[in-house]
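# Observations on chain architecture
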Amino acid sequence: MMKFNKKDLKTLSNIIAFRRDVRGNDFINKEISKKKLDIILQSALNSPSVGYSQPWNFIIVDKEKRELVYENFNKSFEESKNKFSDRPLYNTLKLEGIKESNINIAVYYKKNSANVLGQTYMKRTGEYSVVCAILNMWLTARALNIGMGWVSILKPKKINKIFNIDKKEYKFIAYLCFGYTKEFYDEPELKQLKWNKKKKLKECIIN
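My aim in this report is to walk through the structure given alongside it, one point at a time. As the structure is a prediction and not an experimental result, all values here were calculated from the model.

Scoring rules and cut-offs
- Residue numbering note: each chain is counted from 1, following its sequence as written.
- It should be noted that, the model being predicted, local features are given only for residues of pLDDT at least 70 and side-chain atom pairs only at 80 or more, the latter also being counted only at that level, while totals for whole chains, interfaces and linings use all residues.
- Just so you know, side-chain values use all the structure's heavy atoms and leave hydrogens and water out.
- Each residue is placed in one exposure class: buried if its accessible area under a 1.4 Å probe, protein chains only, is under 20% of its type's maximum, exposed if it is over 50%, and partly exposed if it falls in between.
- Per the convention used, a helix needs a DSSP run of H or I reaching at least four residues, while a strand needs a run of E reaching at least two, with both numbered from the N terminus.
- Directions pointing from the helix axis toward each C-beta atom define the arc.
- Residues are treated as being in contact if the distance between any of their heavy atoms lies within 4.5 Å.
- Every axis corresponds to a line fitted to the C-alpha atoms, with the helix fit spanning only the stretch in contact, and the corresponding angles, defined between N-to-C directions, vary from 0 to 180 degrees.
- Here the word oblique covers every angle except those under 35 degrees (roughly parallel), over 145 (roughly antiparallel) and from 65 to 115 (roughly perpendicular).
- Two helices crossing with the near one rotated counterclockwise from the far one by less than a right angle form a left-handed crossing, whereas a clockwise rotation gives a right-handed crossing.
- The nonpolar class holds Ala, Val, Leu, Ile, Met, Phe, Trp, Tyr, Cys and Pro. Asp, Glu, Lys and Arg form the charged class, and all remaining residues, Gly among them, are polar.
- Aromatic rings from Phe, Tyr and Trp, with only the six-membered ring used for Trp, were paired whenever their centres fell within 6.5 Å, and each pair was classed as stacked if the ring planes differed by under 30 degrees, edge-to-face if by over 60, and tilted otherwise.
- Remark: nonpolar core denotes a set of buried residues (Ala, Val, Leu, Ile, Met, Phe, Trp, Tyr, Cys) joined through side-chain atoms within 4.5 Å.
- For two strands to be treated as a pair, DSSP must find at least two bridges joining them.

### Some details on helix α5 (residues 156-163)
The set of residues buried in α5 consists of Ile159, Asn160, Ile162 and Phe163. Projection of α5 onto a plane perpendicular to its axis shows the buried side chains occupying an angular sector of 160 degrees, all on one side. In α5, the exposed positions angled more than 90 degrees off the buried face are occupied by Lys157 and Lys161. Here the buried face of α5 lies against β1 (56-60), α3 (63-80), β2 (103-110) and β4 (170-179). Remark: Asn164 follows α5 within two positions and exhibits a positive phi of approximately 55 degrees.

Written out as C-alpha cells, the structure reads:
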C-alpha cells in the first residue's frame, strides 16, 4: 500500500497553492513535448468519476480550429463587456491565451444512455467528474512548470459547431490552453488587481 510523508504533503500543498490561471500575457514560445503532454492527459485518466464512468473526452485543437475558437472568444468577450460596465478594469483584462499558448485542448463530457451508478438522482455528477479530471491536468501541468488557462468566455453551441460535435452525445465542459510561461505569479492575477479578495475558511462554512 502506497503511503506518503510530510514532505509529500508539503509538495502537494505547494502545487495547489501556486496553481495559476495563465493567460496570453505570460505564455512563451516553447513547445511542450509529447511525453509531458501524455503525462498531463494520463493524470486526467486517474481522476475520480461517478460509477467509474470515466466520461471525459479530449480534442487536441489544430491551428485552423484554434483561429475559429479565438474568433468566437472575441465576439463573446465584446458582448460580455456590457455585464461589467460598472467595472472598467474588465475591459483591460487579458482573459485568454488561445493563440499564445502551445497547446489547446477542448474537454467534453460523454453522455451515457445507460444507468450510471451514483448518477440516479444527481445527473450532473458525470460533468463534475470531468471537472475533477481538468483539475488533475491543471495541477500536473503546474508540477511540470507548465501553465494552464481555462477559457470560459465561449458559447458552447458555437464551439460544438467548430468541432462538429453532436450535442446529443457530448457536452462541452472546458477549453484549456497549455504552455510554458515567463513566470508564475506569487498570487492569482485577479487578486493582485484587486478584482476580488481571497475568502477565509470561516466564510465558506455554512452554520
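### Quick look at unusual backbone geometry
The residue Asn145 is not glycine, and still its phi comes out positive at about 60 degrees. One non-glycine residue, Asn164, lies in positive phi territory at about 55 degrees. Inspection of the secondary structure puts Asn164 in the loop between α5 and β4. The class of Asn164 is exposed, set by a relative accessible area of 71%.

### Some remarks on the packing of α3 against α5
Remark: α3 packs on α5, axes separated minimally by 10 Å, with the N-to-C direction vectors making an angle of 165 degrees. Compared by their axis directions, α3 and α5 come out roughly antiparallel. Relative to α5, the crossing made by α3 is right-handed. Mapping the contact onto sequence places Lys65, Leu68, Val69 and Asn72 in α3 and Lys158, Ile159, Ile162 and Phe163 in α5. Of the residues contributing to the contact of α3 with α5, the split by class is 5 nonpolar, 1 polar and 2 charged.

### Considering the packing of aromatic side chains
If you walk through the whole model with that rule in mind, you get 8 aromatic pairs. Judged by centre distance (6.3 Å) and plane angle (40 degrees), the rings of Tyr90 and Trp195 are tilted. In this pair, Tyr90 is assigned in the loop between α3 and β2 and Trp195 in the segment after α6 (189-192), connecting sequence segments 105 residues apart. With respect to burial, Tyr90 and Trp195 carry one shared label: buried. Put simply, the rings of Phe73, Phe77, Phe84, Tyr90 and Trp195 touch in pairs and so form one group of aromatic residues.

### Points about the packing of helix α2 (residues 34-45) against helix α4 (residues 125-143)
It is the contact of α2 with α4, at a shortest axis distance of 7 Å, that shows an interaxial angle of 145 degrees. Note that α2 runs across α4; the crossing there is right-handed. Touching Ile39, Ile40, Leu41, Ser43 and Ala44 of α2 are Ala133, Asn136, Met137, Thr140 and Ala141, all from α4.

### Looking at the environment of Ile153
Locating Ile153 in the fold gives a position in the loop between β3 (147-151) and α5. Between the C-alpha atoms of Ile153 and Asp38, which are 115 residues apart in sequence, the distance is 27 Å. The residues touching Ile153, leaving out its near neighbours within four places in the chain, are Phe73, Ser76, Phe77, Ser80, Tyr90 and Leu95.

### A short note on the nonpolar core
Residues Val69, Phe73, Ile98, Leu154, Ile159, Phe163 and Tyr175 are the most contacted members of the largest nonpolar core, which totals 25 residues. Setting aside residues up to four positions removed in sequence, Ile159 forms contacts with Val69, Asn72, Tyr108, Leu154 and Phe172.

### A word on the pairing of β2
Among the 8 residues in β2, 7 count as buried, and that is most of the element. Sheet analysis places β1 next to β2, joined by 5 bridges and oriented antiparallel. Across the sheet, Trp56 pairs through a bridge with Tyr109, a residue of β2.

It is worth stressing that arrangement in space is one thing and function is another; only the former is reported here.
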